[in-house]
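# Structural description and commentary
Here is what each chain is made of, one letter per residue.
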Amino acid sequence: MKRRALLLAGLPLSARAADYAGPLFDAHLHYNDDAQLPHPPADVLARMARAGVRGALVNSRPNDGTLRLVAEAGPQWVPFIRLYRNRADYTGWFNDDSIRRMVLDLLAKGSPAGPFRGLGEFHLYDSANADGPTAVALMKLARERGLTVLAHVDDVAVDKLLGHAPGASLIWAHSGISGEPLPRVRELLARHPGLRGELSYRPGITFDGRLSEDWRAVFTQHPHRFLIGSDTWVTQRLQHYEGLFADYRGWLGQLPNEVAQRIAWGNAAELFRLTTA
């Protein structure tokens, strides 16, 4: 009967019959100023609980949203310092030394959940700006302090940023901002041991709910190098939060269980030294 019901509903059997049922970590959660009134912390945490999300990388524009959410959440919620006080900072932060000073001040103060664990998400719309003085200084600071960076950049900027701070830990938002070819993703993973790919908005992972064979091969070859995230960059993404993670559960369920567990929770738990979910 279940098989017939799935067929009548138009759902692909391989994607929905055995969804991944374990804990999830959201490696790309924004709690920006415009989301806080319609979605107070209790609402956000309830949505996460219903989705089975047991922890998250939290960042916000400005950083008070992060402080507010992690104060209500718990030790599995990992606070990052975002480099934006306002939208104007998106396009010039890499040359702005006041951003570096803001980061140092926040690192000294910490958060309600303890020390900040990383920097970002930040954007570079031109890869040449990865050579900006503040970008270089913050990459070196991240390596020195053991911080992870969450970067929305292209493949050229990944090489540049990690070239400034070899061995630094960098989460590549969306595993590329323009659908970089998988051979290029593989090349960067091989070159930079501290690089991990985050998978929100990444095209080509599934077709009609079925995991693509190319991505299956990448995930099984590099199970320790990928993370999932919501990227709630606009408020509407929070309204669809549970559906975003239901989609992840669908294709994670098509992987070997040990690979699915690594991508869903284990890689983040290892990176941020989290307790078992």
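Keep in mind it's a predicted model, so treat the numbers as computed, not measured.

Reading the values: the criteria
- Residues numbered from 1 in each chain as written.
- Predicted model: local features only at pLDDT ≥ 70, side-chain atom pairs only at ≥ 80, totals over all residues.
- Heavy atoms only, no water.
- UniProt positions renumbered as here; feature names shortened; annotations may be inferred.
- Helix = DSSP H or I, 4+ residues; strand = E, 2+ residues; numbered from the N terminus.
- Axes fitted to C-alpha atoms, helices over the stretch in contact; angles between N-to-C directions.
- Parallel < 35°, antiparallel > 145°, perpendicular 65-115°, else oblique.
- Left-handed = near helix turned anticlockwise from the far one by under 90°.
- Contact = heavy atoms within 4.5 Å.
- Buried < 20%, exposed > 50% of the residue type's maximum accessible area, 1.4 Å probe, protein only.
- Arc of directions from axis to C-beta.
- Expected span 1.5 Å × (residues − 1).
- Salt bridge = Lys/Arg side-chain N within 4 Å of Asp/Glu carboxyl O.
- Core = buried A, V, L, I, M, F, W, Y, C linked by side-chain atoms within 4.5 Å.
- pLDDT = per-residue confidence, 0-100.

In this section: the UniProt feature "domain: Amidohydrolase-related" (unreviewed entry) in the protein. The feature "domain: Amidohydrolase-related" (unreviewed entry), as annotated in UniProt, sits at residues 135–274 in this numbering. Taken end to end, residues 135–274 is 52% helix and 14% strand, and its first and last C-alpha atoms sit 28 Å apart.

Turning to the packing of helix α3 (residues 41–51) against helix α11 (residues 241–252), a few remarks are in order. It is the contact of α3 with α11, at a shortest axis distance of 9 Å, that shows an interaxial angle of 25 degrees. As summarised for this structure, α3 and α11 are arranged roughly parallel, according to the angle between their axes. Regarding α3 and α11, the two cross each other, and that crossing is right-handed. In contact with R47, M48, R50 and A51 of α3, α11 contributes Y241, E242, F245 and R249.

We now examine helix α8 (residues 182–191). The set of residues buried in α8 consists of L182, R184, V185, L188 and L189. Summarising the axial view, the buried residues of α8 lie within an arc of 160 degrees, below the 170-degree limit, and thus occupy one face. Relative to its buried face, α8 has exposed residues pointing more than 90 degrees away, namely P183 and A190.

This next bit is on helix α6 (residues 133–145). The periodicity of an α-helix, 3.6 residues per turn, causes residues three or four positions apart to be oriented the same way. When the terminal C-alpha atoms of α6 are compared, their 18 Å separation across 13 residues agrees well with the 18 Å that a helix rising 1.5 Å per residue should span. All of the buried residues along α6 are T134, A135, V136, L138, M139, L141 and A142. Contacts made by the buried residues of α6 are with α5 (97–109), β4 (118–123), β5 (148–152), α7 (155–164) and β6 (169–172). The first or second residue beyond α6 is G146, which carries a positive phi of 70 degrees.

The residue K140 is located in helix α6 in this model. Classification of K140 as partly exposed rests on a relative accessible area of 38%. Counting along the chain gives 107 residues from K140 to D247, while the straight-line C-alpha distance between them is 36 Å. Not counting residues up to four positions away in its chain, the partners in contact with K140 are H164 and A165.

Next up on the list: the pattern of salt bridges. Applying the stated criterion across every chain yields a total of 18 salt bridges. The partner of D159 in a salt bridge is R184, with the nearest N and O atoms 3.2 Å apart. Within this pair, whereas D159 is found in helix α7, its partner R184 is found in helix α8, the two being separated by 25 residues in sequence. Counted as one network, the salt bridges with shared partners bring together D155, D159, R184, E187 and R191.

Take the nonpolar core next. Core analysis: the biggest nonpolar cluster contains 73 residues, and W93, F122, L199, F219, W251, L252 and I263 have the highest contact counts within it. Counting residues per element, this core draws most heavily on α11, at 6 residues. Counting residues in hydrophobic clusters, the runner-up holds 15 residues, among them A173, W265, L271 and L274.

As a further point, take unusual backbone geometry. At the junction of R61 and P62, the peptide bond is cis and its omega measures out at -10 degrees in the coordinates. Mapped onto the secondary structure, P62 falls in the loop between β2 (53–59) and α4 (64–73). In this chain, G120 is followed by E121 through a cis amide linkage whose omega measures 10 degrees. Within the secondary structure, E121 sits in strand β4. Phi at D231 takes a positive value of approximately 50 degrees, unusual for a residue other than glycine. You can see D231 is positioned in the loop between β10 (226–227) and α10 (235–239). Of the residues examined, D231 reaches a relative accessible area of 5% and is grouped as buried.

Before going further, it helps to examine the confidence of the model for the protein. Looking at the protein, the pLDDT average stands at 93 and 94% of residues meet or exceed 70. Contacts from residues 1–15, a stretch scored under 50 in pLDDT, to residues over four places away or in other chains number 15 contacts.

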